Structures are given as C-alpha cells and as structure tokens.
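This is what each chain is made of:
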Amino acid sequence: MLDDGKKVSKLDIHIANPRGFCAGVDRAIEMVELALKKWGRPIYVRHQIVHNIHVVNNLIDKGAIFVESLDECPLDRPVIFSAHGVPKNVPEKAKNRRMIFVDATCPLVTKVHNEIKRYHEKGYQIIMIGHEGHPETIGTMGQLPAGAILLVENIQDVRNLKPKNPKKLAYVTQTTLSVDDTKEIAQQLLYHFPEIKNPKKEDICYATTNRQEEVKNMVKKVDMILVIGSKNSSNSQRLVDVAKDSGCEDSYLIEDYTEIDWEKLKKI
C-alpha cells in the first residue's frame, strides 16, 4: 500500500544475476582498506577509487581523502591511484616527490595500457574507442605522447579521422562501454581502415559484458528496470542505455531507494 492509502497490485521483482561489483572494483576497495590498516588515517586517493558514491562515502568515514591532483597530497602520507588508471606522468611525479603510492588500477585496464605501448613501439598510431573526459580514457591516452592516440566516441568520429598512416593503425577500447555500440564503431574502423589491428582479446571488461547480457535477458520479463549506481559511473549509464535499446523504455539510474519514482511504479 502506498502512502496515500491506495492499494497497488503485487509486483514481481527480478534481481539481476550477475550483479554487484566486478573483481577489479573489489580489489581496489580492498587496497584502500588495507592501506588504512597499514598506515592509518588519512590515506589520500587520487580520484574516486570507483564511481560509486556509497563506497566513496564509506571510505571517507574510515579515513580516506579523495583528491584530483597529487598537488593536493602531503608528501608524508600515502596516495592510492584509482581503479580507472592514471596517465604515465602521475606515478613518475609521485616517485620524484618520494611519495609512497599504491596503484589500484584494474588489471584489465593495465592490459589495455600494455597493448598500446606494444603497438606504439612497433610504429602504430592507436585509435581509442572511449568517452572524452572519462578517467580511464585520460589515463590510457596519457600512457603515450600527445598525438599517439586518437579518440573516437561514435561513428561520425571515425569518418572524420585523419591518421598519419592508414596502413599502420591499431585500436583499443575503454573497458566499460556498451558492447553493441563498440561493435558498430569497430566495424566502421575496419570498413574505413581495412588493415587496422584489432585487440587480440576483447578489451571490454567481462563483468561489463555479463551484466549487459543479463539486462537484455531481463527486458523480456519486466516492465521497468532500475539500475542502482552513481551518475558518474560509465558502467551504470551503459546498463540503462542497453535496457532502453533492448525495449524497456522505463529504465532508470538511481543512487538508492530515495530516487525511486513511486508514481511510475503504480503503472507497472
């Protein structure tokens, strides 16, 4: 029964499986907690360790301080780099300042970093499929000199590309993108640059892929999908996109139960 006394019909609630954090996120959170146990509070974290406000607030309560630059960190306290990865010059700067630092970059993101370095050493220019301004994209593009990596966000960006040598190209992707959208962009890259090298293994995180597939399965049996996540989470935003693209227009991203639109639930 709702607050206004009106009765609503019984709702069947389907809970996604798999759900929750991926192994890379669990690992990053654990690294902050272990650092707090080892060095005490405060521990500085460059950028949100993961894009989830509840996790971030919980770590703040335990003694973590989140910053956007190393310049905000004192020299005598440890700093942790987020799961999204950081540009190459960030750990170099930390070393030069003789800071204690811990790299919590997701291993799958590190894999992408290693890929682009290998391609660069062989003389390839790299195309990255990703979102401009996202920390993972900034961190990946920051592994190489300016101009070594070109960013594309959509098919139109592919059409506008002007690489140095169309026959010496390779591409990688941000790990948290929509599988379907990325596939379309990759197909366009292959169409315009037939000799482009593609990742030997899928760059998109397996956990991201699994959750997107689960959403596609869920839309067949539900009238509304609520994705619980933060607004700045690429993974969470993509799940809503996948749900809507798969036919469930009533799909929403919420931080917690306070953002549920109970009026819309009456129509379910």
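In case you missed it, the structure is sitting above this.
Read on for a plain summary of the structure. (Residues numbered from 1 in each chain as written. Predicted model: local features only at pLDDT ≥ 70, side-chain atom pairs only at ≥ 80, totals over all residues. Heavy atoms only, no water.)

Observations concerning helix α1 (residues 23-39)
Step number 1: When the terminal C-alpha atoms of α1 are compared, their 24 Å separation across 17 residues agrees well with the 24 Å that a helix rising 1.5 Å per residue should span.
Step number 2: Taken together, the buried positions of α1 are occupied by Gly24, Val25, Ala28, Ile29, Met31, Val32, Ala35 and Leu36. Mapping the buried residues of α1 onto a view down its axis gives an arc of 150°, with all of them on the same face. In this structure, α1 carries Lys37 and Lys38 as exposed residues pointing more than 90 degrees from its buried face.
Step number 3: Here the buried face of α1 lies against β1 (43-46), α2 (53-62), β2 (64-67), β3 (79-81) and β4 (101-103).
Step number 4: Remark: Gly40 follows α1 within two positions and exhibits a positive phi of approximately 75°. (Helix = DSSP H or I, 4+ residues; strand = E, 2+ residues; numbered from the N terminus. Expected span 1.5 Å × (residues − 1). Buried < 20%, exposed > 50% of the residue type's maximum accessible area, 1.4 Å probe, protein only. Arc of directions from axis to C-beta. Contact = heavy atoms within 4.5 Å.)

Describing the side chain of Lys216
Step number 1: Along the chain, Lys216 falls in helix α8 (residues 206-218).
Step number 2: Excluding anything up to four places from it in sequence, Lys216 contacts Asp180, Val242 and Ser246.

A look at the pairing of strand β9 (residues 251-254)
On a regular strand, each side chain points to the face opposite its neighbour's, so the side chains alternate between the two faces of the sheet.
Step number 1: Judged from the four bridges that link them, strand β8 (residues 225-228) and β9 form a sheet pairing that is parallel. In the sheet register, Ile228 faces β9, and the bridge partner there is Ile254.
Step number 2: Remark: the β8/helix α9 (residues 234-245)/β9 crossover connection has right-handed handedness. (Pairing = 2+ DSSP bridges. Right-handed = clockwise from strand over helix to strand, strands pointing away.)

Regarding the environment of Gly139
Step number 1: Among the secondary structure elements, Gly139 is positioned in helix α5 (residues 135-141).
Step number 2: Exposure remark for Gly139: the relative accessible area of 0% places this residue in the buried category.
Step number 3: In this structure, the C-alpha to C-alpha distance between Gly139 and Arg238, residues 99 residues apart in sequence, is 20 Å.
Step number 4: Those residues in contact with Gly139 that lie beyond four places of it in its chain are Gly85, Val86, Pro87 and His113.

Focus on the packing of α1 against α2
Step number 1: Interaxial distance between α1 and α2 falls to 11 Å at its minimum, and their mutual angle equals 5°. When the axes of α1 and α2 are compared, the pair comes out roughly parallel. Residues Ile29, Val32, Glu33 and Leu36 of α1 form the contact with α2, whose own contacting residues are Val55, Asn58, Leu59 and Lys62. (Axes fitted to C-alpha atoms, helices over the stretch in contact; angles between N-to-C directions. Parallel < 35°, antiparallel > 145°, perpendicular 65-115°, else oblique.)

A closer look at the packing of aromatic side chains
Step number 1: Scanning all chains against the criterion turns up two aromatic pairs.
Step number 2: Taking 5.6 Å as the distance between ring centres and 70° as the angle between the ring planes, the aromatic pair formed by Tyr119 and Tyr124 counts as edge-to-face. In this pair, the class of Tyr119 matches that of Tyr124, namely buried.
Step number 3: Looking at Lys168, its charged tip hangs above the ring of Tyr124, at a distance of 4.6 Å from the centre. (Phe/Tyr/Trp six-rings, centres within 6.5 Å; stacked < 30°, edge-to-face > 60°. Lys NZ or Arg CZ within 6 Å of the ring centre and 35° of its normal.)

Some thoughts on a nonpolar patch on the surface
Step number 1: Side chains of Leu11, Ile13 and Ile15 sit close together on the surface and give an oily, nonpolar patch of about 330 Å² of accessible area.
Step number 2: In this fold, Ile15 is placed in the segment before α1.
Step number 3: Exposure remark for Ile15: the relative accessible area of 58% places this residue in the exposed category. (Patch = residues over 30% accessible without salt bridge, like charges linked within 9 Å, V, L, I, M, F, W, Y side chains within 5 Å. Areas by Shrake-Rupley, 256 points an atom, 1.4 Å probe, with all protein chains shown as cover. Salt bridge = Lys/Arg side-chain N within 4 Å of Asp/Glu carboxyl O.)

Overview of the side chain of His113
Step number 1: Along the chain, His113 falls in helix α4 (residues 107-121).
Step number 2: Residue His113 is classed as buried on the basis of its relative accessible area, which comes to 6%.
Step number 3: A polar atom in the side chain of His113 sits 3.3 Å from the side chain of Thr140.
Step number 4: Apart from the residues within four sequence positions on either side, His113 is in contact with Gly85, Val86, Gly139, Thr140 and Gln143. (Polar contact = N/O pair within 3.5 Å; in protein donor to acceptor, adjacent residues only side chain to side chain.)

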